[in-house]
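# Inside the fold
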Amino acid sequence: MKKDRKTILVKATILFLLAFPTHFLFKWLPNQITAIFFPVNESLMEHLKMIFTNYFIFYSFLFILRKPLKLNNVYLTMLIASCFNILIFFALYLPIYYRFKEHLLVTLLLYFLTILFTEWLVCPILQQKEKKELEMISMIIIPLLFFILAYFTFYPLKNPFFFDPIKEDYGLNQGLSSK
């Protein structure tokens, strides 16, 4: 199946740009709802949640436009793409982060490239024949994953993946208790 390079580039760019407002949404609107979907601190886990949320927002718009765009399997594609992007991004990012610490330009470039690669891989799924059972299963798994991510926001494990190196704390950093 032919992969449309322009469409893949546009999708990857939108997904990448979506990370900027979603990264700061909890800071702008601190409440329990935004804490569920958007990063509450600078931990690696909260950035994983941001990636998942970005894909969910973007693919929800594609779901709305699926008929005029002739797309199928939108939530299945979202689930596969977001999980694959998270895995590949962290597989490449973590060794760099632990060796050299945070370098924003490297992080952003790596994030864009992993989105681009992921969109290239999942592009054919959107044009395949509709897989209703898998789409329904995806629509069950997605809220479950949001629940798990939210749980770890409110009850983080005490390990480096959940640690906010800026505030030197875990989870919400008591961000909602004073509000």
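Describing an aromatic ring pair means giving the distance of the ring centres and the angle of the ring planes. Going through the model one piece at a time under the given rule, you end up with 26 aromatic pairs. Aromatic side chains Phe 63 and Tyr 75 sit 4.9 Å apart centroid to centroid with 35° between the ring planes, which places their arrangement in the tilted category. In this pair, Phe 63 sits in helix α3 (residues 44-64) while Tyr 75 sits in helix α5 (residues 74-100), placing the two residues twelve residues apart along the sequence. Both rings, one in Phe 161 and one in Phe 162, keep their centres 5.7 Å apart while their planes meet at 85°; by these two values the pair is edge-to-face. Residue classification places Phe 161 among the partly exposed positions, given a relative accessible area of 23%. Residue classification places Phe 162 among the buried positions, given a relative accessible area of 7%. Here the basic side chain of Arg 66 rests over the ring of Phe 63, its NZ or CZ set 3.9 Å away from the ring centre. Against the face of Tyr 97 rests Lys 101, its NZ or CZ located 5.7 Å from the ring centre.

What follows concerns the packing of α3 against α5. Following both chains from N to C, one finds α3 and α5 inclined at 150°, their axes separated by 9 Å at the closest point. With respect to each other, α3 and α5 are oriented roughly antiparallel. Here α3 and α5 pass one another in a crossing that is right-handed. Considering only residue class, the contact of α3 with α5 consists of 20 nonpolar, four polar and no charged.

Thresholds applied
- Residues numbered from 1 in each chain as written.
- Predicted model: local features only at pLDDT ≥ 70, side-chain atom pairs only at ≥ 80, totals over all residues.
- Heavy atoms only, no water.
- Phe/Tyr/Trp six-rings, centres within 6.5 Å; stacked < 30°, edge-to-face > 60°.
- Helix = DSSP H or I, 4+ residues; strand = E, 2+ residues; numbered from the N terminus.
- Buried < 20%, exposed > 50% of the residue type's maximum accessible area, 1.4 Å probe, protein only.
- Lys NZ or Arg CZ within 6 Å of the ring centre and 35° of its normal.
- Axes fitted to C-alpha atoms, helices over the stretch in contact; angles between N-to-C directions.
- Parallel < 35°, antiparallel > 145°, perpendicular 65-115°, else oblique.
- Left-handed = near helix turned anticlockwise from the far one by under 90°.
- Nonpolar A, V, L, I, M, F, W, Y, C, P; charged D, E, K, R; others polar.

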